[in-house]
Amino acid sequence: MSAHHHVQSPAATPDDDADLARWDDDGAPPAQPRSSPAAWLRVGAELGDRLVALSGRNDLLVTCRPGTRSGAPAAFFPALDEVEFDAGLFAPLQPHEIHPRIVGDEERYPAAWGVFVHEAAHAAHSVWTQPAGADPRVVEAALLLEESRAEGAHLITRPTDRTYLRTSARTLVMPDIAHPTLQGIEHAASVAALVLGRRDVGILDAGETRAVADLCETVLGADLLATLTRIWTAAHQCADHDATTMLAHAQKWCDALDTAAPALPVPENLTDLLSGAVGVVMDSTAATDAADLAAQAAATNAVAAQSKAQAQDRARRAGQRRKAAATAKSVFNARGTTVAPDGTPAPNDDNPVTGTRRPTAAEQSAAARLSRALRAAAYRERTEERTTSPTPPGRLNMRAALARDAQRAAGSVPTAEPFTHTRRRPSPTPPLRVGIAVDVSGSMRAACAPVASAAWIVARAAALTDPDSLTATIAYDQHLTALTRPTHRAPERVTTFDANGGNHNLGDAIDALDHGLELNRPGTGRLLVIVTDALYDSDETAAAVTRVKQLTTAGCAVLQLTLTARSQHLPGTTLLHLPQPSSAPAAIAKAATDAIRRTR
């Protein structure tokens, strides 16, 4: 089988243009070095390396040089096991800029790579040889049918090469149309085989080839076009080595043209009509490929932007965790000092703590009741695990025993397991994590006494319920002060405080409680109570809402207690208005009990 011929006139730069380019700008030499045949040897060798994966053959030689012996942009010579490739297809790239051995480098020269994939398809699938004495016209018809057959067979094994095969069609088909070797009806038939044949193997889309299909139907007639379509469709199913069947299809092609051609009128400007129709097809495929490339680039950019945003979010969260750890370390200090937002100690007159006192009998009774309620809420039924076995221990199931005897009597392998064993295991009780953030700005003076009492009650009850339970309370204005710390020891005295501060630093208070109590980690009964009227500015509100959203997303319950009718609601929290401040301890105790009851 001879090489297929694609005629392409090589473009040459006029000497005048070269001289002008030499002295363009400031007279410096051209930026790109001149290429020579020797410089393309490396490119050809690297193309040969890639040809192994494309064609599945490792016995092929690839020569790349300016111009080709066959005159086509590229050609495959089966007898020589050689693929020749015109270096002009890489224009305007120079040899030192081309590295085909690197996978992905082909994206910089899709037209050249498309032609190379086309030749790889021939190398892999155009392996039948013409018999001696075959009619040259029939052989040429077989080679014409082979163009789309080889690409279709290649597409089955390497469907991702479709984009490059579409690109190669623009490089290979258009020169054949502009410089036809056939005339008249045979020319129109060859265009149909080259364009519509690629449509039928899935290289081109039906909508893209409509212009050629309509023109060929007008010139060839519907009957002849249908006959030719059946012939190339049958050729597409031909095996790679089956020269007899391929030449038989080619003979049918020639017979169909010989029969119908004399009765068909040939338009005088047929070549121009065909060139125009094929140009429309190629423009349509180029537009589709450009749109697909733009969509792919947009999707890639979207994925990259999403990955970048996720990385930035991870970095932001990591920074926030480090900052929260530093805040918790500074707030829960052993000296009980008040700290500024940057972690440095605040002046003593900014400390809201006024002293400590002994708990009252009512507070001790409330702590005992809450402890019992928490233990009841944390109780989990024992889990039962039932297993069966063919031997004791276990309870005997007579039906399974009889079934086992019947299986043994029948000569089969006994599969029934008559003994059932039930194992009951206690379920672990979840510990409690309760954080209380109380606003000590001047508008929250009425909450000081009940919140101090509630903080002691909750901390005492949690310590008596489960040694793994932790609670903590932070008083905040623009500074942070720990009223109770996340320890396993029950507090002995009630810490009293006053509310005479200004501004609000709820965001850092939540960070400290979150890190100190691990409120964002599942497996425990988690509750954050915020006692505030939420009369904040926009920045303070935004910082608090961001933390609240993170905790609620992690499954932590967030309760906001308000004492006055003019209080605002923090988005994301469960709002509970208490007309009587003295009911705050009971409300917090109930919320803590509900939190541990909901824990799974």
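In short, a report on the structure. (Residues numbered from 1 in each chain as written. Predicted model: local features only at pLDDT ≥ 70, side-chain atom pairs only at ≥ 80, totals over all residues. Heavy atoms only, no water.)

The next thing to look at is the nonpolar core. For soluble globular proteins, the rule of thumb is that nonpolar side chains tend to be buried together. Among the nonpolar cores identified, the biggest contains 79 residues, and F85, F90, V195, V212, L228, W232 and W253 are the most heavily contacted of them. Setting aside residues no more than four positions away along its own chain, V212 makes contact with V191, V195, L196, A277, V278 and V281. Counting residues in each nonpolar core, the second largest holds 43 residues, with V451, A499, A587 and A592 among its members. (Core = buried A, V, L, I, M, F, W, Y, C linked by side-chain atoms within 4.5 Å. Buried < 20%, exposed > 50% of the residue type's maximum accessible area, 1.4 Å probe, protein only. Contact = heavy atoms within 4.5 Å.)

Before going further, it helps to spend a moment on helix α8 (residues 222-236). The end-to-end C-alpha separation of α8 is 21 Å, in line with the 21 Å expected for 15 residues at 1.5 Å each. In this structure, the buried side of α8 is in contact with α4 (136-157), α6 (184-200), α7 (210-220) and α9 (243-260). (Helix = DSSP H or I, 4+ residues; strand = E, 2+ residues; numbered from the N terminus. Expected span 1.5 Å × (residues − 1).)

With that settled, the discussion passes to the side chain of T532. Residue position: T532 is located in the loop between β12 (525-531) and α15 (538-553). At 2.9 Å, the side chain of T532 forms a polar contact with the backbone nitrogen of A534. If near-sequence neighbours (up to four positions away) are discounted, T532 is found in contact with D439, M444, Y476, Q560, L561, T562 and L570. (Polar contact = N/O pair within 3.5 Å; in protein donor to acceptor, adjacent residues only side chain to side chain.)

The next thing to look at is the pairing of strand β10 (residues 480-484). Within β10, five of the five residues are buried, which leaves it mostly tucked inside the rest of the structure. Count of turn residues in the strand β9 (residues 470-476)/β10 antiparallel hairpin: three residues. (Pairing = 2+ DSSP bridges.)

Reading across the sheet, the three strands line up as β1-β3-β2 and stay open at both edges, with mixed pairing between neighbours. On the outer flanks of this sheet lie β1 (61-65) and β2 (74-77), each paired with one strand and no other. Across this sheet, the average inter-strand angle for adjacent strands is 15°, counted without regard to direction. Here β2 pairs with strand β3 (residues 82-86) via four bridges, running antiparallel. (Axes fitted to C-alpha atoms, helices over the stretch in contact; angles between N-to-C directions.)

As a further point, take α9. Between its first and last C-alpha atoms α9 spans 26 Å; for 18 residues at 1.5 Å apiece the expected length is 26 Å, and the two agree. Of all the positions in α9, only A243, M246, L247, H249, A250, W253, C254, A256 and L257 are classed as buried. Packing partners of the buried residues in α9 comprise α4, α6 and α8.

Further remarks concern the pattern of salt bridges. Taken as a whole and judged by the stated rule, the model has 32 salt bridges. With its nearest N and O atoms 2.6 Å apart, the salt bridge here joins D161 to R158. Judged by its relative accessible area of 4%, D161 is buried. A salt bridge links E385 to R425, with the shortest nitrogen-to-oxygen separation between them at 3.9 Å. Placement of E385 in strand β5 (residues 383-389) and of R425 in strand β7 (residues 419-425) is noted, with a sequence separation of 40 residues between them. (Salt bridge = Lys/Arg side-chain N within 4 Å of Asp/Glu carboxyl O.)

What follows concerns unusual backbone geometry. A91 connects to P92 through a cis peptide bond whose omega is 5°. Within the fold, P92 resides in the loop between β3 and α3 (110-125). In the segment running from P392 into P393, the intervening peptide bond is cis, with an omega of 5°. With respect to the helices and strands, the residue P393 is situated in the loop between β5 and β6 (395-396). If you check the backbone angles, D81 has positive phi at about 50° while not being a glycine. Position of D81 among the secondary structure elements: in the loop between β2 and β3. With a phi close to 60°, A534 is a non-glycine residue in the positive phi region. Here A534 is to be found in the loop between β12 and α15.

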